[in-house]
Structures are given as structure tokens and as C-alpha cells.
Amino acid sequence: MTEQELWKNIVHDPSDEKQHQAYANACVDHDLEKEALQRYKQMQNAYPAISAKFTKQLTTAVEFKLMPASPEADISQGNSLLGRLKGFVHSILLTGVSSLAYGIIKKSLLEILIGVVLIAAYMSYMVNKQNRINRN
């Protein structure tokens, strides 16, 4: 059935939620959410509860379709813990460079060692991150 045929069934009996569910499912399956949302917006005054319910359902379906497909996309957008810690990773490099410079100025072997270890850890993380992205 086409979108218009399914909508005609709803027009005959707007209170039948099974018809609404079949219509919403068909629209999601065939990427017709925009048209369905417009129809439910027009129906809002006459049947506000049904309109709100299926508008919410269609909006949720659209949001799921627009979600990033890979975990790498989540990290780049900052939606995951690693994505939120991206600034922290770069602060490790800054701390390492600062510690190395302080150790050189004060001639402290411990500070130099800490700086070198932090810089090496940062570089290792960045190289492994590039390798993971290239493999995917």
C-alpha cells in the first residue's frame, strides 16, 4: 500500500490506533517520516492525543536514523566518555612538556623523566588512535 492509501484508512476511522501504527511503520520503512509528520500536524486540532503520540514516535524514529553508526563517530562528537576526555588527553602532552622544561631548567632528573614518560604516553595514544581509524 502507498502512503496515501494508508492515510485514507486513517481518514475513515481516525480513532483506530492500529491504522495509525500501520501508517507510522510504513512511513518509517519507506523514509516518509516528513510527510507523516506534516499529516499529524494537520490532525493536531481534531485529535491531539493521537497526533502527539505518533508525532513523538515518528520523531524518535528519525532521531535513531540520524544517529552515528560507528563508535568513532560518537567519540568525535563528544557523546562518549572518551570523546569528553579528548581535552584531557591533550593536557597530558602540555603537562609532559611543562614537566620536561621545568626539569631541564632546575636540572631535576625526576622531572625530566616524568615529562618524557608523559610525552611518550601521549605519542603512543595518538599513533594507536590513528591506527584504529585507518583499520576501520
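Residues numbered from 1 in each chain as written. Predicted model: local features only at pLDDT ≥ 70, side-chain atom pairs only at ≥ 80, totals over all residues. Heavy atoms only, no water.

Asker: Talk me through the side chain of Ser-51; I want residue IDs and the actual numbers.
Answerer: Relative to the assigned elements, Ser-51 resides in helix H4 (residues 48-66). In this structure Ser-51 comes out as buried when scored by relative accessible area, which is 2%. Among the polar contacts made by the side chain of Ser-51, one reaches the main-chain carbonyl oxygen of Tyr-40 at a distance of 2.6 Å. Contact partners of Ser-51, with chain neighbours within four places excluded, come to Tyr-40, Lys-41, Met-43 and Gln-44. (Helix = DSSP H or I, 4+ residues; strand = E, 2+ residues; numbered from the N terminus. Buried < 20%, exposed > 50% of the residue type's maximum accessible area, 1.4 Å probe, protein only. Polar contact = N/O pair within 3.5 Å; in protein donor to acceptor, adjacent residues only side chain to side chain. Contact = heavy atoms within 4.5 Å.)

Asker: Residues and numbers for the confidence of the model for the protein chain, please.
Answerer: If pLDDT is low for a region, its predicted coordinates should not be looked at in detail. On average, the protein chain scores 82 in pLDDT, and the residues at 70 or more come to 79%. The least confident element of the protein chain, judged by mean pLDDT, is helix H5 (residues 71-77) at 51; the most confident is helix H3 (residues 33-42) at 90. (pLDDT = per-residue confidence, 0-100.)

Asker: Help me get a handle on the nonpolar core, residues and values and all.
Answerer: By size, the foremost hydrophobic cluster in this structure holds 13 residues, and its most contacted members are Trp-7, Ile-10, Tyr-23 and Tyr-40. Within the residue set of this core, elements represented by two or more residues are helix H1 (3-12), helix H2 (17-29), H3 and H4. If sequence neighbours within four positions are ignored, Tyr-40 has contacts with Trp-7, Ile-10, His-20, Tyr-23, Ile-50, Ser-51, Phe-54, Thr-55 and Leu-58. (Core = buried A, V, L, I, M, F, W, Y, C linked by side-chain atoms within 4.5 Å.)

Asker: Give me the lowdown on the pattern of salt bridges, citing residues and values where you can.
Answerer: A full pass over the atoms with the stated rule returns three salt bridges. Among the salt bridges present, the one from Lys-53 reaches Glu-17, with a minimum N-O distance of 2.5 Å. With a gap of 36 residues between them, Lys-53 in helix H4 and Glu-17 in helix H2 connect regions that are remote in the sequence. Relative accessible area serves as the criterion here: at 42%, Lys-53 is assigned to the partly exposed category. Here Lys-65 ties to Asp-31 by a salt bridge, and the two come within 2.5 Å at their closest N and O atoms. Of this pair, Lys-65 sits in helix H4 while Asp-31 sits in the loop between H2 and H3, and the two are 34 residues apart along the sequence. (Salt bridge = Lys/Arg side-chain N within 4 Å of Asp/Glu carboxyl O.)

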